[in-house]
Amino acid sequence: NGQLKVTYSSDVDGSVKEGSYDNVFYAIGRTPNTRGIGLDAAGIEVDPVTNKIKTNEKDQTNVEHIYALGDCALDRPELTPTAVTVNFIFVRIII
C-alpha cells in the first residue's frame, strides 16, 4: 500500500508505539538536554515532565542572575529564528 511502518518510543513516558503512515517527518533536538548539568545544585526549577527550565516573562529563572533562552525554556516557541533573535536581544541587554 506504499505506507511506511514506524515504531517509536516516547521520551516522556517511555511507551512504545507503532503505526503506518503515508508520510514520515523525523526531527531531532526538541527534547532539552538539561539533565545532569547541575541545574538542581543551582536551585533552578525545571518542569518534571518536559525537562524545560521555568522562566518568567524576561527569560529569568527562579535564580535571579540565571536566564534560560531558546528551546530549553518552558512555554517558549520552539523555532530557531525565535531563539536566535531572543539571544541577540539578550546580549544587547547585558552588554
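In this report, we go over the structure that sits alongside the text. It should be emphasised that the depicted structure is a prediction, and the values quoted were computed from it without experimental measurement.

**What about unusual backbone geometry?**
No. 1: In this structure, asparagine 51 is a non-glycine residue whose phi angle is positive, near 65°.
No. 2: A relative accessible area of 13% places asparagine 51 in the buried class.
No. 3: Located in the positive-phi region is aspartate 59, a residue other than glycine, with phi close to 65°.
No. 4: Structurally, aspartate 59 is set in the loop between α1 (39-42) and α2 (80-94).

**Topic: the pattern of salt bridges**
No. 1: This model, assessed by the stated rule, comprises two salt bridges.
No. 2: Here lysine 5 makes a salt bridge to glutamate 18, at a shortest N to O gap of 3.6 Å. Of this pair, lysine 5 sits in strand β1 (residues 4-9) while glutamate 18 sits in strand β2 (residues 16-21), and the two are 13 residues apart along the sequence.
No. 3: In this structure, aspartate 59 engages arginine 76 in a salt bridge whose closest nitrogen and oxygen atoms are separated by 2.9 Å. Residue aspartate 59 is found in the loop between α1 and α2, and its partner arginine 76 is found in the loop between α1 and α2; the two are separated by 17 residues along the sequence.

The rules behind these values
- Residues numbered from 1 in each chain as written.
- Predicted model: local features only at pLDDT ≥ 70, side-chain atom pairs only at ≥ 80, totals over all residues.
- Heavy atoms only, no water.
- Buried < 20%, exposed > 50% of the residue type's maximum accessible area, 1.4 Å probe, protein only.
- Helix = DSSP H or I, 4+ residues; strand = E, 2+ residues; numbered from the N terminus.
- Salt bridge = Lys/Arg side-chain N within 4 Å of Asp/Glu carboxyl O.

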